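# Secondary and tertiary structure notes
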Amino acid sequence: MLLKVLIALVFVAMVASLAAGAGFLLKDGGRSRRVLISLKLRVCLAALLLVLLLYGFYGGSLAG
């Protein structure tokens, strides 16, 4: 159960980072580093989500 909550939280954080990056892009016109930082955070969260999903499937928590 904890694994599913962690997966959901990471996914929500990814969506929030996506929205923040879009807001930074519109507000700053792509001239600031905030868009790049948001992208880096989103990539790290995506990697974490992938690791959690693989752990869940291979561990049997998400199978079936």
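So, here's what we can say about the structure.

About the criteria used
Residues numbered from 1 in each chain as written. Predicted model: local features only at pLDDT ≥ 70, side-chain atom pairs only at ≥ 80, totals over all residues. Heavy atoms only, no water. Salt bridge = Lys/Arg side-chain N within 4 Å of Asp/Glu carboxyl O. Buried < 20%, exposed > 50% of the residue type's maximum accessible area, 1.4 Å probe, protein only. Axes fitted to C-alpha atoms, helices over the stretch in contact; angles between N-to-C directions. Helix = DSSP H or I, 4+ residues; strand = E, 2+ residues; numbered from the N terminus. Parallel < 35°, antiparallel > 145°, perpendicular 65-115°, else oblique. Left-handed = near helix turned anticlockwise from the far one by under 90°. Nonpolar A, V, L, I, M, F, W, Y, C, P; charged D, E, K, R; others polar.

## Considering the pattern of salt bridges
Under the criterion given, the structure shown has 1 salt bridge. Salt-bridge contacts for Asp28 lead to Arg34; the nearest nitrogen and oxygen are separated by 2.9 Å. Here Arg34 falls in the partly exposed class, since its relative accessible area comes to 34%.

## Overview of the packing of helix H1 (residues 2-28) against helix H2 (residues 34-59)
One way to put it is that H1 packs onto H2 with a least axis distance of 9 Å and a crossing angle of 160°. Classified by the interaxial angle, the pair formed by H1 and H2 is roughly antiparallel. Classified by chirality, the crossing of H2 by H1 is left-handed. Considered class by class, the residues forming the contact of H1 with H2 number 20 nonpolar, 4 polar and 4 charged.

By themselves, these observations are geometric and do not establish any function.
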